[in-house]
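The primary structure of each chain is shown beneath.
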Amino acid sequence: MSVDVTGVDRETLVRPIQSRSKYFLVALVAALAGIGVWLYFYTQQLQHGLIVTHLADWGSGGGVPWGLYIGAFIWWVGIAHGGIILSAAVRLLGMDTYQPVARMAELLTIAALTCAGIYILIHVGRPDRLVTSVLPAWPWRVHWSPLVWDVTVITAYFVLTATYLLLTIRYDIHRLRDRLPDRLEPLYKALMIGYSETEDKVVERMVWWLAFAIIIMAPLLLHGGVIPWLFALLPSMAGWAGGVQGPSFLSIALTSAVSGIIIIAAAFRYAYGWEELIPKPVFYGLSKWLGFFGLLFLWLQLQQVITGIFAAPTTLQHATEVKIATPIYWVAIGLVIAAEAYIFAAALKSSLFTIPRIVAVSVLVLVGTLVEKTLFVVEGLQHAHFQLYDGVPGVYVPSAVELSSVLGTVGIVVLFFLVVSKVIPVVELHAIEDDHEEVRD
Amino acid sequence: MLPLASAPYTLPFVGPGTYLIFGIVLAPIYVMLAAWYLGKPSDSKSALLGVTYLAGLTTALWGGLFVATMVIKFAFF
Amino acid sequence: MQDEDTPISFDDDETERMERLLDDTEYDTELGVEMAKDAQRVAAGELGEAEFYREYHEDVLAEFGEDDREISGLLDGVEGDDVSEKLSSLAGRDDLSRREVMKKGGAAFAALSMFATAGQESAAAAGDGDADEGTRYGMTINLNNCDGCLACVVACNQEHGTSDGANWMYVFTYEDEDQDDENFLVRPCQHCTDSPCTKVCPVGARHTREDDGLVLTDYDICIGCRYCEVSCPYGVNYFQWGEPDVPDSEIDDDHQYDERGKWVGSRPPKGVMGKCTFCVDRQDGQMGEERIGTTACEDACAMDAIHFGDMNDPESAPNQHLREYRDSQGNDMTFKNRKEHTVSTFKLMEERGTDPNVHYIGNEPSPHARQVDGPVTYEDMDIVENRKEEVLDNGAMANDQGGEEA
C-alpha cells in the first residue's frame with residue numbers, strides 16, 4: 001500500500017516559505033527562550049567550571065564524572081539516525097510512502113548531530129582546547145581512542161548527510177526558483193553552482209551511493225558501533241560490558257529517531273495545513289516502525305537483565321540487581337511499554353489511531369529513552385568492578401545547569417527548523433511527482 | 001599479529017583503531033567515492049562537486065568549532 | 001651460593017627446580033634448560049663456542065627476536081683466559097646485576113647465572129621476561145605492615161597541592177569474609193604497563209613516559225573529557241572541577257615541569273584531570289639528588305609499608321623489601337616442593353588486564369569486602385573522604401563562597 005501525494009501542487013509545497021503560520025512566532029519565542037535559559041546557565045559553567053554541575057569523581061569521590069551531558073549526547077545521536085533510516089527506506093528500498101517526510105528527517109539529522117556536538121563542547125572541562133588539542137592529535141590517537149573514533153564517525157555522518165542535502169536540493173531549487181524569495185538569491189545561486197539539468201541523473205545515482213554509505217556506517221558503526229564501544233570496551237564498569245551493547249544502543253537510537261520524525265512531521269502538517277502532503281497513513285506507517293524498533297529495544301533490555309541476574313559474575317550481578325531495583329528505570333521502560341501497547345492496539349484497530357496520540361506517545365518515548373541512556377551511564381559509574389568503593393555511595397541528580405541544556409538543545413532544533421523551512425522546501429519535490437518522471441526523461 | 005599492547009611503554013602507532021576506522025568504518029565511503037567516478041551515469045564534474053562538498057563541509061564544521069572555541073578561550077580562559 | 005669452579009649438576013632435582021624457575025618467565029622452559037646444559041658444556045670445554053652459537057641461533061631468534069650472544073668481544077674485561085673460563089666466572093659473579101649478565105650473553109647466560117645464584121630470586125628481573133634495559137618504576141606495598149594511619153595520604157596531598165578530597169593516594173580500611181579484623185588496602189595509581197587510560201585519551205595528554213614507564217597527564221593538552229577517569233578500573237583519577245584550592249602562584253615551576261619540559265607535575269589546573277604521578281618531580285631530580293627513587297608517601301610511611309623504585313633493578317627498594325620480607329617469613333620445609341616463605345603477594349584486579357606495577361604483599365580484598373572507618377579517619381586527619389558530599393556539593397551552583405575552596 002503506497003501513499004500517493006502526487007496530486008499535491010507546488011504552491012502547497014512552498015507554503016512555509018511563502019506564508020507565515022500563526023504558530024511560527026510562538027515557536028520562535030519559545031525556542032529563543034529555551035536557548036536563553038540554557039546560555040545563562042552555561043555562562044556560569046564557563047566561569048566557574050564543571051563544579052556547577054552535580055558531577056563528581058567516582059570511587060573515593062562518591063560521584064559520577066559523566067552524567068546527563070553524556071546521556072543527552074547519546075540521545076541526540078540516536079535521534080539523528082532518523083534521517084538515514086527514512087532516506088534509505090525511500091531511496092534504497094523504494095518505500096515511497098515515506099518520501100514526504102524524508103527531507104525533514106535529513107534536516108533533523110543535521111540539527112540533532114549539531115546538538116550532539118554542542119554536548120561535547122558543554123561536557124569537557126577545557127572547551128577552549130577542543131579543536132587545538134584534538135585535531136593535531138588525530139593522526140596518532142585515531143589508532144587507539146574510542147572517543148576519537150566517535151568524533152571521526154560523527155563528523156563523517158554529518159558531512160555525508162549535509163552533502164546529501166546539498167546535492168538533492170539543487171533539483172528542487174532549480175524548478176521552484178520563481179516561488180522562492182528574491183532576497184535569498186545569493187544563497188540559491190551558491191547552492192546551484194554549476195547546475196544543469198543533465199546532472200540530475202548523475203546526482204540521483206550519486207546520492208543513492210551516499211545513502212548506501214550512510215546506511216552501512218551510521219546504524220551499524222556509529223550508534224551500533226563506536227558509541228556503545230565507548231562503554232563496552234572498558235575494563236572498569238561492570239554494567240557496561242558485552243557485545244549486546246551495540247544492538248541495544250542501536251535499538252534505542254532507532255526508536256528515538258522515529259519518534260523524532262513523527263513529532264517534526266506532525267508539527268509541519270499542523271502548522272501549514274499539510275493534510276494532503278503528509279497524509280495520515282504516513283504516520284500510521286511510522287507508528288508501526290516505532291512499534292517494531294521499540295519492541296527490539298525492550299527485547300534487548302530483557303537480554304541484559306536476564307543474563308545479569310541469573311547466575312552472573314559477582315560484579316555484573318550486583319550492577320544488574322541495582323539496575324532493576326531503580327524505580328526510574330521502570331519509568332523509562334514503562335513509557336516504552338505503554339507506547340507499544342498503544343501502537344499495537346492501533347495496529348489492530350485503526351480507528352484508535354490519531355496523529356495527536358502518536359505524537360504524545362513519541363514525546364513519552366523520547367523522555368523514556370533519554371532517561372534510560374542517562375541511567376546507563378550513571379549507574380555504570382556507580383557500580384564499578386572495584387566493589388570496595390561501594391562504601392562511598394554516589395548519588396546523582398542532574399543539576400539545573402545540566403537540565404537547562406536539554407531545554408537549550410531542543411530550542412536549537414526548533415530554531416533550526418524555523419529558519420531552514422523559510423529558505424528551502426522541507427518536502428522533496430520528487431514526493432509530489434509521478435515516479436520521478438522528470439528525472440527519467 | 002595485532003600489536004595491541006607491549007612494553008616498552010608507549011603504545012605502538014598501529015592499534016585496533018587503524019583497522020577499524022581505515023578498514024571498516026571508512027570502507028563505505030571508499031566504495032561511494034569509487035561509484036561517483038566509475039559506472040554509469042557518472043560525470044567527473046558532479047563527482048568533483050560532491051568531493052568538494054565533503055571536504056568543504058568538514059572544514060566548515062571544524063572551522064566553525066574552532067572559532068567557537070576561540071571565543072570561549074578569550075572570554076573565559 | 002655455588003663455588004664458581006663447581007659445575008652445576010643437572011640431576012633430576014636440580015633440573016626440576018630450574019624448570020620451575022624458568023616456567024616463571026614467559027620464555028620457553030625447555031629451550032632454557034637445553035641451552036643451560038650446553039652453555040655449561042662450553043664452559044667445561046666440551047662444546048665449541050661457535051657450535052653453541054650455531055646450534056641455538058634459530059631458536060633464540062624465534063624466542064627473543066634477536067640473538068645477542070656475542071661470544072667474544074663483549075666478554076672483554078671479564079676474568080678468565082678463554083671463553084669457557086669467562087663463562088664460568090660470569091655465571092658465578094654476584095656483583096653483576098642479572099640485567100648486565102643477560103646483556104652479555106642473552107638467554108643462555110641468563111639461565112646459567114640464574115642457576116648459579118639459585119636461591120637469590122629476584123622479584124622482577126627474570127620474571128617480567130623483559131630482557132631489555134630500562135627503568136620500570138613501580139612499588140611493593142606491604143599491607144601487613146600498614147596500620148592505616150593515613151600519613152601517606154596527607155603527605156601526598158601536601159607535596160602536590162591537591163584540592164580537598166582529591167586523594168591521589170588513598171587507603172581503604174575494610175572487613176572481609178575471609179580475613180580477620182580490619183585490613184588495609186593502600187591505593188596509589190598503579191602506573192599500569194597496559195593502561196586503559198593511555199589508550200582512551202583522545203588527545204594523548206594521558207601518556208606513558210618512555211624512559212621509565214610513569215603514566216602522566218600533560219596539563220597543557222588535556223581537554224578534561226574525563227574518559228581516562230571513566231576507563232580506569234582502580235578509580236585513581238581526580239578531576240579539577242573548579243578553581244584549585246592551591247593557587248598556581250604557590251607552586252614552584254620545578255614541581256610542575258618534568259625533564260622533558262612538559263607540565264605533568266603537581267596538581268592540575270581547572271578543567272583538567274590529575275592523579276598520582278609517582279612524584280615525577282622527585283624522579284627527575286627537581287627536589288634534589290637524594291630524593292630520586294623516592295616518593296612522598298614512601299617517605300611519610302613510618303611502618304615500612306611503601307617501597308618505590310625500579311622494578312627492573314633487583315637491588316631496588318621494592319625488590320629488596322620483597323626479598324627481605326620473604327626471608328623473614330620462613331616456611332616449614334619438612335615437605336618438599338614448598339616455597340621457602342609464606343608470603344602472599346598479589347596485584348590489584350589483575351584479571352582486568354591492565355598489568356599494574358604495584359605489587360602488594362598481603363591478601364587481596366574479596367568481592368565481599370566492605371569498607372569501614374579506619375583506626376584513623378579521614379576526618380581525623382582533616383582530609384575529606386567523600387569528596388562530593390563534603391566539597392563539591394558546597395561548590396555546586398558555585399557562588400562566591402562556593403567552589404573547591406569551600
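Since the model is a prediction, treat every value here as computed from it, not as a measurement.

Novice: I tried to follow the overall build of chain A on my own but got confused; where do I start?
Specialist: Tallying secondary structure elements over chain A gives 16 helices and zero strands in all. In summary, chain A has a C-alpha radius of gyration of 22 Å against a globular reference of 22 Å for 441 residues, a match within 12%. With the C-alpha coordinates aligned to their principal axes, the bounding extent of chain A is approximately 70 × 55 × 40 Å. Here chain A, with 441 residues, has 57% of them falling under the buried criterion. Put simply, 82% of the contacts in chain A that link residues at least 6 apart link residues at least 24 apart.

Novice: Looking at this structure, how should I read the environment of Val392 of chain A?
Specialist: Looking at where Val392 of chain A falls in the secondary structure, it is placed in the loop between helix H14 (355-382) and helix H15 (400-420). Looking at Val392 of chain A, the number of C-beta atoms within 10 Å reads 20, which means it is buried. Taking C-alpha positions, Val392 of chain A is 6.9 Å from Gly59 of chain A, a pair spaced 333 residues apart along the chain. Residues within four places of Val392 of chain A in sequence aside, it is in contact with Ser60 and Gly62 of chain A together with Asn386 of chain C.

Novice: Please explain the confidence of the model for chain B as it appears in this structure.
Specialist: Caution applies to low-pLDDT regions: their predicted coordinates should not be interpreted in detail. All names here are of chain B. The pLDDT averaged across chain B works out to 90; a share of 90% of its residues lies at or above 70. Confidence drops under pLDDT 50 across residues 1-7; counting only partners more than four residues distant or on other chains, this segment forms eight contacts. Interface confidence for the predicted complex, expressed as ipTM, amounts to 0.95; the pTM equals 0.84.

Novice: Would you mind showing me how to read the interface of chain A and chain C here?
Specialist: Think of interface size as the accessible area that goes away when the parts come together; that is how it is often given. With 48 residues of chain A in contact, the opposing surface of chain C contributes 56 residues. Mapped onto the side of chain A that touches chain C, the elements with two or more residues apiece are helix H6 (130-141), helix H7 (146-176) and helix H12 (314-324) of chain A. Broken down by element, the side of chain A that touches chain C gets its largest block of residues, six residues, from H6 of chain A. Broken down by class, the residue content of the side of chain A that touches chain C amounts to 24 nonpolar, 20 polar and four charged.

Novice: Mind showing me how you'd approach the domain arrangement of chain B here?
Specialist: Segmentation of chain B into domains returns domain 1 (1-42) and domain 2 (43-77). The partner domain 2 of chain B presents four residues to the four residues of domain 1 of chain B that form the contact.

Novice: Just checking my understanding: could you explain the sheet that holds strand S1 (residues 137-142) of chain C for this structure?
Specialist: Where strands meet in a sheet, backbone hydrogen bonds hold them as pairs that are either parallel or antiparallel. All names here are of chain C. A sheet is described by the order of its strands in space; here four strands give the open sequence S8-S1-S10-S9, paired in mixed fashion. The strands lining the two open edges of the sheet, one partner per strand, are strand S8 (306-310) and strand S9 (345-347). On average, each strand axis in the sheet is inclined to that of its neighbour by 25 degrees, with strand direction left out of account. In terms of strand pairing, S9 meets strand S10 (residues 358-361) through three bridges, oriented antiparallel. Residue Thr345 lies in a different strand from S10, and its bridge partner there is Ile361.

Novice: Mind showing me how you'd approach the pairing of S8 of chain C here?
Specialist: Side-chain positions along a regular strand alternate between the two faces of the sheet. Residues and elements named next belong to chain C. Here S8 lies mainly inside the structure; five of its five residues are buried. With five bridges connecting them, S1 and S8 associate as antiparallel partners. Bridge pairing links Thr140 to His307 in S8.

Novice: Would you mind going over the packing of helix H11 (residues 280-309) of chain A against helix H13 (residues 327-348) of chain A with me for this structure?
Specialist: Two measures define how a pair of helices packs: the angle their axes make with one another and the distance between the axes. Residue and element names in this part refer to chain A. Closest axis-to-axis distance for the H11/H13 pair is 9 Å, and the angle between their directions is 140 degrees. One way to sum up the angle between H11 and H13 is to call them oblique. You can see that H11 and H13 cross each other, and the crossing is left-handed. Facing H11, whose interface residues are Ser287, Lys288, Leu290, Gly291, Gly294, Leu295, Phe297, Leu298 and Gln301, H13 presents Ile333, Val336, Ile337, Ala339, Glu340, Ile343, Phe344, Ala346 and Ala347. A class-by-class count of the residues in the contact of H11 with H13 yields 12 nonpolar, four polar and two charged.

Novice: What's the story with the interface of chain A and chain B in this structure? I'm lost.
Specialist: Taken together, the contacts link 36 residues of chain A with 36 residues of chain B. Secondary-structure elements contributing two or more residues to the side of chain A that touches chain B are helix H3 (22-48), H6, H7 and helix H9 (199-232) of chain A. Looking at the side of chain A that touches chain B residue by residue, the class counts come to 25 nonpolar, seven polar and four charged.

Novice: Would you mind showing me how to read the environment of Gly273 of chain A here?
Specialist: Inspection of the secondary structure puts Gly273 of chain A in the loop between helix H10 (245-272) and H11. The exposure class assigned to Gly273 of chain A is partly exposed, which follows from the 13 C-beta atoms found within 10 Å.

Novice: Would you mind showing me how to read the sheet that holds strand S3 (residues 179-187) of chain C here?
Specialist: Residue and element names in this part refer to chain C. Sheet architecture is open: three strands sit in the order S3-S2-S11, paired in antiparallel fashion. Only two strands of the sheet have a single neighbouring strand rather than two, namely S3 and strand S11 (370-372). Looking at each pair of strands side by side, their axes are set apart by 45 degrees on average, direction ignored. Note that strand S2 (residues 170-176) and S11 share three bridges and pair antiparallel. Counterpart to Thr173 in the pairing with S11 is Val372.

Novice: Would you mind showing me how to read the nonpolar core here?
Specialist: Within soluble globular proteins, side chains that are nonpolar generally end up buried alongside one another. Within the largest apolar cluster, 224 residues are counted, with the highest numbers of intra-cluster contacts made by Trp76, Tyr157 and Ile261 of chain A. Examining the composition of this core, we find that 18 residues originate from one element, H9 of chain A, more than from any other. Excluding residues within four positions of it along the chain, Trp76 of chain A makes contact with Ala112, Cys115, Ala116, Tyr119 and Thr409 of chain A. Counting residues in each nonpolar core, the second largest holds five residues, with Met35, Val42, Phe52 and Tyr56 of chain C among its members.

Novice: So what exactly am I meant to see when it comes to H15 of chain A here?
Specialist: For an α-helix the count is 3.6 residues per turn, leaving residues at separations of three or four pointing the same way. Residues and elements named next belong to chain A. Compared with the 30 Å implied by 1.5 Å per residue over 21 residues, the 30 Å span of H15 between its first and last C-alpha is a close match. Considered for burial, the residues of H15 that qualify are Val401, Glu402, Ser404, Ser405, Val406, Gly408, Thr409, Gly411, Val413, Val414 and Phe417. Packing partners of the buried residues in H15 comprise H3, helix H4 (68-92), helix H5 (99-123) and H10.

Novice: When you look at the pairing of S2 of chain C in this model, what are you seeing that I'm missing?
Specialist: Residue and element names in this part refer to chain C. Looking at chain direction, S2 and S3 are connected through six bridges and run antiparallel. Looking at the pairing, Thr173 lines up with Phe184 of S3. The antiparallel pairing of S2 with S3 creates a hairpin that spans two residues between the two strands.

Novice: What exactly am I supposed to notice about the confidence of the model for chain A here?
Specialist: Taken residue by residue, chain A gives an average pLDDT of 95. The fraction at 70 or more is 98%. Here helix H16 (residues 437-440) of chain A stands out as the least confident element of chain A, with mean pLDDT 48; H15 of chain A is the most confident, with 98.

Novice: Please clarify how the packing of H5 of chain A against H7 of chain A should be interpreted in this entry.
Specialist: Residue and element names in this part refer to chain A. Interaxial distance between H5 and H7 falls to 10 Å at its minimum, and their mutual angle equals 150 degrees. The angle between H5 and H7 places the two elements in the roughly antiparallel class. H5 and H7 meet at a crossing whose hand is left-handed. Here Glu106, Thr109, Ile110, Leu113 and Ala116 of H5 come into contact with H7, specifically with Ile154, Tyr157, Phe158, Thr161, Ala162, Tyr164 and Leu165. Residue composition of the contact of H5 with H7, grouped by class: nine nonpolar, two polar and one charged.

Procedures and definitions
- Residues numbered from 1 in each chain as written.
- Chains lettered and ligands numbered in written order.
- Predicted model: local features only at pLDDT ≥ 70, side-chain atom pairs only at ≥ 80, totals over all residues.
- Helix = DSSP H or I, 4+ residues; strand = E, 2+ residues; numbered from the N terminus.
- Rg over C-alpha atoms; globule rule 2.2 N^0.38 Å.
- Buried ≥ 20, exposed ≤ 12 C-beta atoms within 10 Å, placed from the backbone.
- Contact = placed C-beta atoms within 7 Å.
- pLDDT = per-residue confidence, 0-100.
- Nonpolar A, V, L, I, M, F, W, Y, C, P; charged D, E, K, R; others polar.
- Domains from an automatic or database assignment.
- Pairing = 2+ DSSP bridges.
- Axes fitted to C-alpha atoms, helices over the stretch in contact; angles between N-to-C directions.
- Parallel < 35°, antiparallel > 145°, perpendicular 65-115°, else oblique.
- Left-handed = near helix turned anticlockwise from the far one by under 90°.
- Core = buried A, V, L, I, M, F, W, Y, C linked by C-beta atoms within 7 Å.
- Expected span 1.5 Å × (residues − 1).

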